[in-house]
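Chain residues, written in single-letter form:
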Amino acid sequence: MTMMHGRAPTLGSAILLACALSLGACAVGPDFARPTPPAASRYTRDTLRAEDAPKSDTVQHVALGREIEGNWWTLFHSDAIDQLVAQALDHNRSLAAAMATLAQAQEFALARAGGQYPQVNLTAGAGRQQYGKEFLGPFGIPPFTYFAVGPTVSYALDYTGGVRRGVEQQYALAEAEQHQRDAAYLSVTGQAVMQALAIASVRAQIDTVETILVQDRDNLRLVQSAFDNGSVAREDVVTAQSQIANDMTLLPPMRQELAQAHHALSVVLGRAPANELPHDVDLGQITLPLQVPVSLPSELAHRRPDILAAEARLHAATSAVGVAQSNLYPKIQLTASVGQESLKADQLFNATNDAWSIIAGLTAPVFDGGTLRAEKRAAVDAMRASAATYEQTVLEAFAQVADLLEGLDHDAEQLDAQDHAQQAAQSSLELARISYKEGNAGILLVLDAERSYQQARLGFVRAVAQRYLDTVQLFLALGGTSPGDTAQLRSEPRNVL
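Criteria and cut-off values
- All residue numbers refer to positions counted from 1 along the written sequence of the respective chain.
- It should be noted that, the model being predicted, local features are given only for residues of pLDDT at least 70 and side-chain atom pairs only at 80 or more, the latter also being counted only at that level, while totals for whole chains, interfaces and linings use all residues.
- Think of the side-chain values as coming from all heavy atoms in the structure, minus any hydrogens and water.
- By the criteria applied, helices consist of DSSP H or I runs no shorter than four residues and strands consist of E runs no shorter than two, each listed in order from the N terminus.
- Helix span, expected: 1.5 Å multiplied by one less than the number of residues in the helix.
- pLDDT gives the predictor's per-residue confidence on a scale running from 0 to 100.
- Pairs of residues are marked as contacts when any of their non-hydrogen atoms sit within 4.5 Å.
- Think of a nonpolar core as a cluster: buried Ala, Val, Leu, Ile, Met, Phe, Trp, Tyr and Cys residues, connected wherever their side-chain atoms sit within 4.5 Å.
- Think of it in three bands: with a 1.4 Å probe and only protein chains considered, a residue is buried below 20% of the maximum accessible area for its type, exposed above 50%, and partly exposed in between.
- For Phe, Tyr and Trp, rings pair up if their centres lie within 6.5 Å, where Trp contributes its six-membered ring, and each pair is then called stacked (planes under 30 degrees apart), edge-to-face (over 60) or tilted (otherwise).
- By definition, the arc is the one covered by directions from the helix axis to the C-beta atoms.
- Like-charged residues are merged into a patch within 9 Å and nonpolar side chains (Val, Leu, Ile, Met, Phe, Trp, Tyr) within 5 Å, provided each residue has over 30% relative accessible area and no salt bridge.
- For accessible areas, the Shrake-Rupley method is used with a probe of radius 1.4 Å. Any residue's cover is judged against the shown protein chains and nothing else.
- Counted as salt bridges are all cases of a side-chain nitrogen of Lys or Arg within 4 Å of a carboxyl oxygen of Asp or Glu.
- A pair of strands is treated as paired once DSSP finds two or more bridges between them.
- Note on method: axes are straight lines fitted to C-alpha atoms, helices fitted across the in-contact stretch only, with angles between N-to-C directions ranging 0 to 180 degrees.

Another point: helix α6 (residues 162-228). Between the first and last C-alpha of α6 there are 96 Å, a value that for 67 residues agrees with the 99 Å anticipated at 1.5 Å per step. Trailing α6 by a residue or two, glycine 230 shows a phi angle of about 80 degrees, which is positive.

Printed below as a string of structure tokens:
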């Protein structure tokens with residue numbers, strides 16, 4: 001026993017010394033440096049009208065350089081939207097899958113990290129054996145029974161840092177999955193709000209068409225009364241009836257669009273389409289955010305999930321170069337074992353039965369047909385491809401934000417134009433009805449004015465809805481709000497990064 005206890009610490013010390021040497025060694029391959037996003041102080045070339053717009057109760061103002069505070073969807077001040085988003089975060093299946101995938105990637109990273117440390121196994125065995133003459137020649141040994149027990153320690157000396165580069169790569173891949181989870185979170189919250197707004201928009205359009213149909217029926221009654229009095233021909237009655245029939249054709253496509261939006265929102269909420277939606281959203285009860293915070297391009301590159309995921313994949317590709325380069329060097333494997341071996345079970349732990357071994361093995365590539373060097377060149381090419389993909393992702397993100405900022409400017413113009421068109425069409429329709437009632441105009445003039453008013457009213461409703469939708473799209477393009485900032489995910493997987 002004394003002899004075994006005297007040797008065991010020596011073997012353990014040797015393994016620990018090897019660990020310390022390998023951990024202190026430099027890792028081969030390039031070290032990852034966070035890429036610098038393109039130098040840009042703004043998204044659009046020209047100053048937007050919304051940037052110079054004064055703060056008011058009707059005009060949107062773009063606040064460049066400000067971050068979104070809190071949950072982005074709360075800027076619409078709608079309890080119904082808040083409740084729909086909360087339900088989506090609790091029950092959406094795509095988000096649940098993204099969270100599980102993240103947890104899987106984190107466990108893979110932990111498993112890979114375990115390879116940096118000595119691997120200790122306890123072995124035990126018992127058996128009966130006889131050696132033949134091929135092994136001992138003329139010396140014969142009778143059959144015997146043996147018993148053995150003891151730990152075995154193995155360690156790959158990571159003097160090139162290849163194992164550490166592999167761990168670094170796996171953690172970078174786990175980080176990429178974390179940003180993919182964030183992207184799923186952003187997509188779910190965005191889809192919940194977008195579909196709710198789509199439902200509210202279509203309902204508003206249906207209400208508009210139904211109001212127009214009420215006016216069409218008023219026109220028909222007016223024409224019918226004039227026909228009964230003999231002041232107009234039967235043709236005017238038929239024309240008024242035709243106008244009602246034509247306007248009725250607007251409703252089925254809208255109702256189909258409403259049904260599709262209901263079904264899409266049900267899926268986002270994790271519900272079957274046959275179920276009733278828990279909350280209704282009225283376009284008139286949603287407040288348009290008049291102060292629109294827009295982060296600077298340099299900040300966008302550090303908050304959008306797709307950009308951060310591309311950055312993490314570039315990190316992983318950079319680490320893969322170090323792994324490939326370390327494979328060009330010899331591999332050193334250290335193995336040590338200490339145990340007891342005996343021919344009798346009751347004497348297994350006798351000090352005279354101590355057994356130990358220390359083995360150092362080296363495997364060096366001599367000729368592999370150029371495989372390892374080709375793999376390293378391929379890893380370098382993959383790193384360059386990841387760098388280009390990152391840069392492309394950043395540029396596309398900048399362009400998307402620029403498009404939506406321009407869109408908000410044009411939405412404001414469109415809304416003003418539709419408002420003026422609606423007012424003018426309404427005045428024209430009222431004058432046409434008065435003229436027809438007094439016998440100074442025909443029914444065709446009234447119907448033409450009716451069509452213009454119909455188009456203007458629908459155009460106004462759609463312009464209002466488009467302004468809301470583009471505002472939502474802008475918040476999403478700016479990266480919205482990350483789960484880490486809002487603590488919205490109830491079953492957040494543990495983060496080991």
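Averaged over every residue, the pLDDT of the protein chain is 86; residues scoring 70 or more account for 91%. At the low end of the mean pLDDT range in the protein chain sits helix α1 (residues 2-24), at 46; at the high end sits helix α10 (residues 305-326), at 96. For the stretch residues 1-9, pLDDT sits under 50, and the model shows seven contacts to residues farther than four places along the chain or on other chains. For the stretch residues 485-497, pLDDT sits under 50, and the model shows 33 contacts to residues farther than four places along the chain or on other chains.

Counting residues in each nonpolar core, the largest one holds 91 residues, and the members touching the most others are Tyr43, Trp72 and Leu474. Looking at which element gives the most residues to this core, the answer is α6, with 19 residues. Look past the residues within four positions of leucine 474 in its chain and what remains in contact with it is Val292, Val294, Val401, Leu404, Leu405 and Leu408. Among the nonpolar cores identified, the runner-up in size contains seven residues, and Val321, Ala379, Val380 and Met383 belong to it.

Turning to the packing of aromatic side chains, a few remarks are in order. The tally for this structure, following the rule as stated, stands at six aromatic pairs. On the numbers, 6.2 Å between centres and 50 degrees between planes, the contact of tryptophan 72 with phenylalanine 475 is tilted. Taken together, the residues span a long stretch of sequence, with tryptophan 72 in the loop between β1 (61-64) and α3 (79-91) and phenylalanine 475 in helix α12 (residues 443-477) at a distance of 403 residues. Across the pair, exposure class does not vary: tryptophan 72 and phenylalanine 475 are buried alike. Within the aromatic cluster, the residues linked to one another by ring pairs are Trp72, Trp73, Phe76, Tyr468 and Phe475.

For histidine 77, which is not a glycine, the phi torsion comes out positive at approximately 50 degrees. By the element assignment, histidine 77 lies in the loop between β1 and α3.

Relative to the 26 Å expected for 18 residues at 1.5 Å per residue, helix α8 (residues 251-268) spans 26 Å between its end C-alpha atoms, a close match to the ideal helical length. Buried within α8 are the following residues: Leu251, Met254, Leu258, Ala261, His262, Leu265, Ser266 and Val268. Taken end-on, α8 shows its buried residues confined to a sector of 155 degrees, consistent with a single buried face. Considering only its buried residues, α8 is in contact with α3, α6, α7 (234-248) and α12. Positive backbone phi, approximately 75 degrees, marks glycine 270, located one or two places after α8.

In this section: the environment of serine 231. Residue placement: serine 231 occurs in the loop between α6 and α7. It is 20 Å that separates the C-alpha atoms of serine 231 and glutamine 243, two residues lying 12 residues apart in sequence.

Together, Tyr131, Phe135 and Ile141 make up a nonpolar patch on the protein surface, roughly 290 Å² of accessible area in all. For phenylalanine 135, the location among the structural elements is in helix α5 (residues 133-136). Note on phenylalanine 135: relative accessible area 56%, which makes it exposed.

Moving on: the sheet that holds strand β3 (residues 144-157). Within the open sheet, the four strands sit side by side as β2-β3-β5-β6. Their pairing is antiparallel. In the strand order of this sheet, the two ends are held by β2 (119-129) and β6 (354-363), each with one partner. Taking the axes of each pair of neighbouring strands and ignoring which way they run, one obtains an average angle of 20 degrees across the sheet. When strand β5 (residues 331-342) meets β6, the two strands line up antiparallel, connected through 10 bridges. In the strand pairing of β6, alanine 336 is matched with isoleucine 358.

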